[in-house]
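So you can see what is in the structure, the chains are spelled out below.
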Amino acid sequence: MTGPLILIEPRADRLGGHSHRTLAALAQARPGSLVIAPLGIAPEAVAALRETGARLVNTPAGCRAAVLLAAARAVAGLSAVGQRIFRSRRWPLGLRRLPHQGTLVARCLIEASALRTARRLQPAADAVVILTASEALHGAAALLGGQPHLRFVHEQVTTEDTVVRWLGWLARRGEHQVIALAPTQSVGDQLAASFPNLPAMVAAFAVDDGRRLTDAERDGGRAAFDIPTVDAVVCLVGGWWPYKDIDTIDAALTRLKEPLHLIVTGDPLDERVLQRWRDLPGLRLHAVPGPVTDSVLRLVYAAADAALVVRRPGVTKESGLVMDAARLGVPLIVSDHDPSLTARLHGQPWALPFPTSDPDALVCALHSVVCQPPEPPGPDAPALLGMRSAAEQAELLTRTFASLSTKESRC
């Protein structure tokens, strides 16, 4: 089975993250695929997708799709206003959560619009997949969109309150037209607890494109940041979202006793913290405000002896940064925030785990990199973390989508 896919990415308009890379890799693996970006698509992603020969669509096809998208925009606008009004903690929790419930409804309508477009433009495809799906209203999206599909649910951020739960109950028969794909077992367990009747399976989202960093790129990375080959370098990639434990990194850097280069890129960042790091003796900061293109991101990784991944306890969604390090061949310094990930990395010489929220342990790990940089992960590292090649991932999606109608066993 090597036919085209329908790939829906509601967040394709946002530069950064890992969805663009997966999107392009899957489109490359299945020539002639249809890519639907209902809210638009970032220019860099357009260029990469055109190289694959994929058909790009960023406007609704048909009246129903247009109406659903217009409704989604209206609900999203009301939700944004509500979030500003009820931002203060003086409001009851139910009122503060209400705008976020509206966001769930808006995301459902966006997905339904894209599914209607898919049904109209390409009725027959090997698989229909939403790459970044909402964590709620799974059945409603299928019923409103009129299209069975697979949906990657990356995390459970906003839970359903009474009204949205009621809408989901009304559309519960649509859940049998959907298979949810959870990138980690923990996310899968959360989905099972919230939606016991929703068919689901665990499958890593990131794919291995086989483009490991070359020696020339590593030399080019050092040259780009004007860092001598003998100096130790660590990179900190990605926006500083609440689940990132920047406080532990901050505390560790103040205790550092060895010279170190730190390359920071992402969006958002905290300029006050960056300025504090610039003033630290022995630390040379290289800040690259994001979001950045994939070519710049490769330079950042290429310059580094190790990538730093530090999260707060209990964060168990798939780490695109860990996946990046494995597929590119960059050693890791990683907190033990996710027991499953920690178990997979146990005994790997290219991974230096340390206890979550422990700045002294992080200092020890940083000193280890300064004194003796770890060997890079080998070609088997992506498979260790559950990553597949783009062709293997496309085949998995095809088989899983086929089981929606054939009721074959999903494994």
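Quick caveat, the model's predicted, so the values are computed rather than measured.

**Student:** Where do I start with the overall build of the protein chain in this structure?
**Tutor:** Across its full length, the protein chain holds 16 helices and 15 strands. Taken along the three principal axes of its C-alpha coordinates, the protein chain extends 60 × 55 × 35 Å. Of all 411 residues assigned to the protein chain, the portion counted as buried reaches 53%. Taking all contacts inside the protein chain whose residues are at least 6 apart in sequence as the whole, residues at least 24 apart take part in 73%. Element-wise, carbon and sulfur atoms account for 56% of the exposed surface of the protein chain, whose accessible area totals about 18200 Å². In the protein chain, 43 side chains carry a positive charge and 40 a negative one; their mean positions are 10 Å apart.

**Student:** Help me understand the packing of aromatic side chains, please; the structure alone is not making it clear to me.
**Tutor:** Two numbers describe a pair of aromatic rings. These are the distance of the centres and the angle of the planes. Overall, the coordinates contain 3 aromatic pairs when judged by the stated rule. Ring geometry for F86 and W91: centres 5.1 Å apart, planes at 90°, overall edge-to-face. Assessed through its relative accessible area of 26%, W91 is described here as partly exposed. Positioned above the aromatic ring of W169, the side-chain terminus of R172 is 4.0 Å from the ring centre.

**Student:** Would you explain unusual backbone geometry in this entry?
**Tutor:** In most cases, non-glycine residues show a negative phi, while peptide bonds are predominantly trans. The step from D267 to P268 runs through a cis peptide bond, and the omega angle for that step is 5°. Take P268: it is sitting in the loop between β10 (260-266) and α10 (271-278). In the Ramachandran plot, D226 falls in the positive-phi region, its phi being about 55° despite a non-glycine side chain. Mapped onto the fold, D226 is located in the loop between α8 (215-224) and β9 (233-237). The exposure class assigned to D226 is exposed, which follows from its relative accessible area of 56%. You will see that S357, though not glycine, has its phi angle at about 65°, which is positive. With respect to the secondary-structure elements, S357 resides in the loop between β14 (351-354) and α14 (359-371).

**Student:** Whenever I open this one, the pairing of β9 confuses me. Can you help?
**Tutor:** The two faces of a sheet get side chains in turn, since along a regular strand they alternate between them. Most of β9 sits inside the fold, with 5 of its 5 residues counted as buried. Burial of the side chains of β9 extends over both faces: V233, C235 and V237 are buried on one face and V234 and L236 on the other. With 5 bridges joining them, β9 and β10 adopt parallel strand pairing. Bridged to C235 within β10 is I263. Remark: the β9/helix α9 (residues 246-254)/β10 crossover connection has right-handed handedness.

**Student:** So what exactly am I meant to see when it comes to the confidence of the model for the protein chain here?
**Tutor:** Caution applies to low-pLDDT regions: their predicted coordinates should not be interpreted in detail. Of the residues in the protein chain, 98% have a pLDDT of 70 or more, and the chain-wide mean is 91. Within the protein chain, no element has a lower average pLDDT than helix α2 (residues 43-52), which sits at 84, and none a higher one than strand β1 (residues 5-8), at 97. Confidence over residues 407-411 falls short of pLDDT 50; this stretch has 7 contacts with residues more than four positions distant or in other chains.

**Student:** Even after reading the chapter, I still don't get the environment of V233, so can you show me in this structure?
**Tutor:** Tracing the sequence through the fold places V233 in strand β9. Counting along the chain gives 40 residues from V233 to V273, while the straight-line C-alpha distance between them is 19 Å. Look past the residues within four positions of V233 in its chain and what remains in contact with it is R222, I227, L260, H261, I263, A303, A304, D305 and A306.

**Student:** In this structure, what is going on with the sheet that holds strand β2 (residues 34-36)? I would like to understand it.
**Tutor:** The pairing of strands in a sheet comes from backbone hydrogen bonds and takes either a parallel or an antiparallel form. Spatially, 7 strands are ordered β3-β2-β1-β4-β5-β6-β7 in an open sheet, and the strand pairing comes out parallel. Two strands in the sheet have a free side with no partner beyond their single neighbour: β3 (55-57) and β7 (200-202). Within the sheet, the average angular offset between the axes of one strand and its neighbour, ignoring direction, is 20°. Inspection of the sheet shows strand β4 (residues 127-130) paired to strand β5 (residues 149-152) by 2 bridges, in the parallel sense. Bridge pairing in β5 places V129 opposite L150. Together, β5 and β6 (178-182) form the strand contacts of helix α5 (residues 138-145), whose direction differs from that of β5 by roughly 140°.

**Student:** What should I look at first to understand the pattern of salt bridges in this one?
**Tutor:** Note on pairing: side chains with opposite charge can pair once their charged atoms come close. All chains considered together, the criterion is met by 18 salt bridges. E395 serves as the salt-bridge partner of R30, at 3.6 Å between the closest nitrogen and oxygen. Here the residue R30 occupies a position in the loop between α1 (19-29) and β2, and E395 occupies one in helix α16 (residues 390-406), the gap between them amounting to 365 residues. The exposure class of R30 is buried, given its relative accessible area of 3%. Accessibility expressed as a relative area gives 24% for E395, which makes it partly exposed. Where K317 meets E155, a salt bridge forms, and the shortest distance between an N and an O atom there is 3.3 Å. You can see K317 sitting in the loop between β12 (306-309) and α12 (320-328) and its partner E155 sitting in the loop between β5 and α6 (162-170), a full 162 residues away along the chain. Salt bridges linked by common partners bring R21, D209, R211, D294, D324 and R327 together as one network.

Procedures and definitions
Each chain carries its own residue numbering, running from 1 in the written order of its sequence. For this predicted model, a pLDDT threshold of at least 70 governs which residues receive local features, and a threshold of 80 or more governs which side-chain atom pairs are given and counted, while totals over whole chains, interfaces and linings are taken from all residues. As a rule here, side-chain values come from all non-hydrogen atoms in the structure, and water together with hydrogens is ignored. Helix and strand definitions follow DSSP, with helices as H or I runs of at least four residues and strands as E runs of at least two, each counted in order from the N terminus. Categorising residues by exposure relies on relative accessible area from a 1.4 Å probe, with only protein chains included: less than 20% of the type maximum marks a residue as buried, more than 50% marks it as exposed, and the intermediate range marks it as partly exposed. Note on definitions: a residue-residue contact is assigned when non-hydrogen atoms from the two residues lie within 4.5 Å. What sets the accessible areas is the Shrake-Rupley method with a 1.4 Å probe; for residues, cover comes only from the shown protein chains. In this tally, Lys and Arg are treated as positive and Asp and Glu as negative; His is ignored, and so are the chain termini. The atom standing in for a charge is NZ when the residue is Lys, CZ when it is Arg, CG when it is Asp and CD when it is Glu. Note on aromatic contacts: the rings of Phe and Tyr and the six-membered ring of Trp form a pair at centre separations within 6.5 Å, being stacked when their planes are under 30 degrees apart, edge-to-face when over 60 apart, and tilted otherwise. Only when the NZ atom of a Lys or the CZ atom of an Arg is both within 6 Å of the ring centre and within 35 degrees of the ring normal do we say a charge sits over the ring. Two strands qualify as a pair provided that DSSP identifies no fewer than 2 bridges between them. Seen with its strands pointing away from the viewer, a crossover is right-handed when the path leading from the first strand over the helix to the second is clockwise. Think of pLDDT as the predictor's per-residue confidence, scored from 0 to 100. Each axis is a line fitted through C-alpha atoms, and for a helix only the stretch in contact is used; angles between axes span 0 to 180 degrees, taken between their N-to-C directions. A pairing counts as a salt bridge when a side-chain nitrogen of Lys or Arg comes within 4 Å of a carboxyl oxygen of Asp or Glu.

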